[in-house]
Amino acid sequence: SGRLPYTIYPADFIQRSFFDMSLRDNGGCTYRYYTGTPLWTFGDGMSYTTFNYSWSRPSQIEGCRFQTMRLGRGDDVIDYTVTVKNTGSVASDEVVLGFLIGKLPNTPQKELFDFGRVHLEPGESATVHLSMPPEVLSSVGKDGLQEIQAREYEIQVADLRSRFIVEGESFKIFDLPNIKKRHAKRGRF
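Residues numbered from 1 in each chain as written. Predicted model: local features only at pLDDT ≥ 70, side-chain atom pairs only at ≥ 80, totals over all residues. Heavy atoms only, no water.

Engineer: Go over the overall build of the chain with me, naming the residues and quoting the values.
Structural biologist: A count of helical and extended segments in the chain gives two helices and eleven strands. Listing each helix as α and each strand as β along the chain from the N terminus yields α-β-β-β-β-β-β-β-β-β-β-β-α. Considering the chain as a whole, with its 189 residues, one finds that 37% of them fall into the buried category. For the chain, long-range pairs separated by at least 24 residues make up 67% of all intrachain contacts whose partners lie at least 6 apart in sequence. Surface exposure of the chain reaches about 11300 Å², of which carbon and sulfur atoms provide 53%. (Helix = DSSP H or I, 4+ residues; strand = E, 2+ residues; numbered from the N terminus. Buried < 20%, exposed > 50% of the residue type's maximum accessible area, 1.4 Å probe, protein only. Contact = heavy atoms within 4.5 Å. Areas by Shrake-Rupley, 256 points an atom, 1.4 Å probe, with all protein chains shown as cover.)

What follows is the structure, given as C-alpha cells:
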C-alpha cells in the first residue's frame, strides 16, 4: 500500500502564477492550504483489499494546560491508538495517517502529525500508535508570530475523528515581531 506524497491539482490550477510562493493566498497551495477540489490529495492511496479503522483508545486528554506543556522535549505528547483490520481477501500493508484538522483562518486545513505502517493478512487486526507533540498545534500568522491557541482541536485518522480542548492563555513559541523590534533597537534590522 502506498500513499501519494503530494497533491494532484485540476487543470485550472495551472492558471496560478509559478512565481506566487504564498501557500495561503489565491486558493492556496499544497494539501495544507488548497481550497479547491483536488483530483487526488496528499495521502490518497489504493489497495487490493479493504480496511476498517476503529479507536482502540482515543486520547484521554479533555483539556491541556499550557503550564504543563514542556515544548520541544518530547515528554508531553498526545497519544492516539487505532485498530486497523484487513476486511478484504488479500494480504496487504496499510499506511495509517494522523492529521490535525484546521478550522481557523491562517491555519492549515489539515496537517500530518504522525503515521504508521502495518502488514495485515486477511481478517487480521493490528494496533497502531500515533503521537502528536504539542508543537504540531502551533500556527504561524502572517506577522511571524508562532503560538498555540487555547481552543478546540480536531484530529482525523482515516474516517475517524476526535476532538480535544487546549485551555489557558495562548502560548507564544516564536515571536518574530518582537525579535525584529529588539534587533531594530540595536541597529541590526
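Engineer: Could you give an account of the pattern of salt bridges, with specific residues and numbers?
Structural biologist: Inspection of the entire model under this criterion finds six salt bridges. Glu152 is paired through a salt bridge with Arg163; the nearest N and O atoms lie 3.2 Å apart. Within this pair, whereas Glu152 is found in strand β9 (residues 152-157), its partner Arg163 is found in strand β10 (residues 160-167), the two being separated by eleven residues in sequence. Here Arg161 makes a salt bridge to Glu154, at a shortest N to O gap of 3.2 Å. Taking the relative accessible area as the measure of exposure, Arg161 reaches 44% and is therefore partly exposed. Taken together, the shared-partner salt bridges in this structure form one network comprising Glu152, Glu154, Arg161 and Arg163. (Salt bridge = Lys/Arg side-chain N within 4 Å of Asp/Glu carboxyl O.)

Engineer: Any details on the side chain of Thr41? Residues and values, ideally.
Structural biologist: Summarising the element assignment, Thr41 is placed in the loop between α1 (30-33) and β1 (51-57). What makes Thr41 buried here is its relative accessible area of 17%. With residues near it in sequence (within four places) discarded, Thr41 still touches Leu4, Tyr6, Thr7, Tyr31 and Lys110.

Engineer: Summarise the packing of aromatic side chains; cite the residues concerned and give the values.
Structural biologist: Aromatic rings in a pair are described by how distant their centres are and how their planes are angled relative to each other. For the coordinates displayed, the defined rule picks out seven aromatic pairs. A ring pair is formed by Tyr31 and Phe99, whose centres lie 6.0 Å apart and whose planes are at 65°; its orientation type is edge-to-face. Of this pair, Tyr31 sits in helix α1 while Phe99 sits in strand β4 (residues 92-101), and the two are 68 residues apart along the sequence. In terms of burial, Tyr31 and Phe99 fall into one category: buried. Judged by centre distance (5.6 Å) and plane angle (15°), the rings of Tyr153 and Phe164 are stacked. Of the two residues, Tyr153 is situated in strand β9 and Phe164 in strand β10; the sequence distance between them amounts to eleven residues. According to the relative accessible area criterion, Tyr153 is buried, its value standing at 1%. In this structure an aromatic cluster arises from ring pairing among Tyr31, Phe42 and Phe99. Lying across the ring of Phe99, Lys110 places its NZ or CZ 4.3 Å from the centre. (Phe/Tyr/Trp six-rings, centres within 6.5 Å; stacked < 30°, edge-to-face > 60°. Lys NZ or Arg CZ within 6 Å of the ring centre and 35° of its normal.)

The quantities given are spatial measurements derived from coordinates; they are silent on function.
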